[in-house]
Amino acid sequence: MAKAPKASEIDWSNLGFNYMDLPYRFLAHWKDGKWDDGELTEDATLHISEGSTGLHYGQADFEGLKAYRTKNNDIQLFRPDQNAARMHKSCERLLMPAFPEDKFVEAVKSVVKANADYVPPYGTGGTLYLRPLMIGVGGNIGVHPAQEYIFTIFAMPVGAYYKGGVTPTNFTTSYYDRAAPHGTGQSKVGGNYGGSLLPGDEAHKAGYSDVIYLDPATHTKIEEAGSANFFGVTKDNEFVTPKSDSILPSITKKSLLYLAEHNLGMKAIEGDVFIDKLDRFSEAGAMGTAAVIAPIGGIEYKDELHVFYSETEVGPVTQKLYDTLTGIQFGDVEAPEGWIQKVEY
Ligand code: PLP
Ligand code: COI
């Protein structure tokens, strides 16, 4: 596998969202009922049994978080404790042994420190994306939880996830569901994403950035995008995002609910978002770690495109939310207590 280019050769402002084999990753093993201490390794290849439950039965979960370089050349993480807690929950759902939350955060920091040259410079828009991943391994064949697990954290510098970045793009609805009413939609597990590949591909081929999934029980309410939660802004200064047991509890969403209320003076609401009542919104967007805040130009539903603010220009409230969130993440805006953790390097 080709190693990442030298940091000095990377075009930081045009990264996109692509895999890169950086020098170091963290790797820990669960065996005989306990986690070992784990260590940094240079080997980007996992060596696992053909009987691994992560391969056959989807006993696999993951996280996504970022490291940001500030104006002063510090490196910081945004709410990594929240990723540790969410992964704990995903592990419980799949009967996997959670990696201790404090050690999760320490391991993330060790990976950032070891690859510090690859944290993009301040002002380029780039960040270091971290991918914690856990899979069931070992020799298995029945549908039972594995006896052994691997936990790894690897990293790569990234730019915009949706090609428009902060320029609006259009999204579409789908016949397919990403989650079942009492399934695994709340958990960040591999199977949710495997099932989203076909509808995602159909959306991309039709020229859309991503699918906006509807609620699996009635297909009348917006759930979320394939890789991000949804929000709408009403003419009455409300920030509205769907409440559902089958969507991922997004850390960006949780943060924006707080910032909309406390920094922007909006009313923050989690509730039903009916797909045939989109007129209530003057702006809309997708939000997530990879997506950051991606303005939604329009949503296609039943062959009609409902345009929110504009297909080409970001709305003023979306822009303010973006500036506040990224300002905090890059250290230019004061963060609420406990949101930022510095990485010593
Ligand atoms: N929804 C889905 C399906 C996702 O994959 C993600 C990405 O993690 C999100 C929402 C956003 O979650 P977060 O803000 O925690 O990254
Ligand atoms: C993230 O935002 O971290 C995600 O996991 C989204 C996607 C790349 C799966």
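Structure shown above.
The following refers to the structure shown. Note that the structure is predicted; figures quoted are calculated from it, not measured.

**What about a negative patch on the surface?**
A surface patch of like charges, here negative, comprises D81, E101, D102 and E106. In terms of residue count, the dominant contributor to the negative patch is helix α3 (residues 101–114) (3 residues). Within the fold, D102 resides in helix α3.

**Overview of the site of ligand 2**
Inspection of the region around ligand 2 gives F17, F62, G64, Y129, R131, Y161, K188, Y193, S227, T289 and A290 as its neighbouring residues. Contact between ligand 2 and Y129: an oxygen atom at 2.6 Å from a side-chain N or O atom of the residue. Contact distances for ligand 2 include 2.8 Å between an oxygen atom and a backbone N or O atom of A290. Considering ligand 2 on its own, with 280 Å² of exposed area, one finds that the protein chains cover 90% of that surface. Taken atom by atom, the bulk of ligand 2 overlaps the largest pocket. Grouping the constituent residues of the shell around ligand 2 by class yields 6 nonpolar, 3 polar and 2 charged. Looking at the shell around ligand 2, you find at least three residues from each of domain 1 (7–158) and domain 2 (169–329).

**A closer look at the pattern of salt bridges**
One pass over the full model with this rule turns up 10 salt bridges. We note a salt bridge from D21 to K3, for which the minimum N-O separation is 3.4 Å. Of this pair, D21 sits in the segment before β1 (25–31) while K3 sits in the segment before β1; the two residues are 18 residues apart in sequence, bridging distant segments of the chain. Here D21 falls in the buried class, since its relative accessible area comes to 4%. By sharing partners, the salt bridges in this structure join K3, D21 and R25 into a single network.

**Focus: helix α5 (residues 197–205)**
Buried within α5 are the following residues: P199, G200 and A203. For α5, the buried positions fall inside an angular range of 100 degrees around the axis, keeping them on one side. Within α5, the exposed residues directed more than 90 degrees away from the buried face are L197 and K205. In the core, the buried residues of α5 are packed alongside β9 (169–173) and β10 (211–214). A positive phi of about 95 degrees marks G207, the residue just after α5.

**Looking at the site of ligand 1**
Residues in close proximity to ligand 1 total 17 residues, the closest being Y193, E224, S250, T252 and T289. With respect to ligand 1, the side chain of K188 contributes an N or O atom lying 2.9 Å from an oxygen atom. One nitrogen or oxygen atom from the side chain of T289 is found 2.5 Å from an oxygen atom belonging to ligand 1. Bound to the protein, ligand 1 loses 96% of the 380 Å² it would expose on its own. More than half of the atoms belonging to ligand 1 lie within 2 Å of the grid points that define the largest pocket. Mapped by element, the contributors of at least two residues to the shell around ligand 1 are β11 (222–225), α6 (251–262) and β15 (281–288). For the shell around ligand 1, the residue count by class is 6 nonpolar, 7 polar and 4 charged.

**Side note on the packing of helix α2 (residues 80–93) against α3**
Helix-helix packing is characterised by the crossing angle of the two axes and by the distance between the axes. Packing of α2 against α3 brings their axes to within 9 Å, and their N-to-C directions diverge by 130 degrees. With respect to α3, the element α2 is oriented oblique. In this structure, the crossing between α2 and α3 has a hand that is right-handed. Counting all contacts with α2, which are made through P80, D81, N83, A84, A85, M87 and H88, the residues of α3 involved are E101, F104 and V105. Per-class residue counts for the contact of α2 with α3 are 6 nonpolar, 2 polar and 2 charged.

**Some remarks on the pairing of strand β7 (residues 127–137)**
Most of β7 is tucked away: 9 of the 11 residues are buried. Looking at chain direction, strand β4 (residues 60–62) and β7 are connected through 3 bridges and run antiparallel. By the bridge assignment, F62 is partnered in β7 with L133. Here strand β5 (residues 65–69) pairs with β7 via 3 bridges, running antiparallel. If you follow K66 over to β7, its bridge partner there is Y129. Bridging between β7 and strand β8 (residues 148–158) involves 11 bridges; their strand directions are antiparallel.

Rules of the game
Residues numbered from 1 in each chain as written. Chains lettered and ligands numbered in written order. Predicted model: local features only at pLDDT ≥ 70, side-chain atom pairs only at ≥ 80, totals over all residues. Heavy atoms only, no water. Patch = residues over 30% accessible without salt bridge, like charges linked within 9 Å, V, L, I, M, F, W, Y side chains within 5 Å. Areas by Shrake-Rupley, 256 points an atom, 1.4 Å probe, with all protein chains shown as cover. Salt bridge = Lys/Arg side-chain N within 4 Å of Asp/Glu carboxyl O. Lys, Arg positive; Asp, Glu negative; His and termini not counted. Charge placed at Lys NZ, Arg CZ, Asp CG, Glu CD. Helix = DSSP H or I, 4+ residues; strand = E, 2+ residues; numbered from the N terminus. Near = heavy atom within 4 Å. Polar contact = N/O pair within 3.5 Å; in protein donor to acceptor, adjacent residues only side chain to side chain. 1 Å grid on protein atoms, 1.4 Å probe; cavity = no way out; pocket = protein on both sides within 12 Å on 5 of 7 lines; lining within 4 Å. Sits in = over half its atoms within 2 Å of the grid points. Nonpolar A, V, L, I, M, F, W, Y, C, P; charged D, E, K, R; others polar. Domains from an automatic or database assignment. Buried < 20%, exposed > 50% of the residue type's maximum accessible area, 1.4 Å probe, protein only. Arc of directions from axis to C-beta. Contact = heavy atoms within 4.5 Å. Axes fitted to C-alpha atoms, helices over the stretch in contact; angles between N-to-C directions. Parallel < 35°, antiparallel > 145°, perpendicular 65-115°, else oblique. Left-handed = near helix turned anticlockwise from the far one by under 90°. Pairing = 2+ DSSP bridges.

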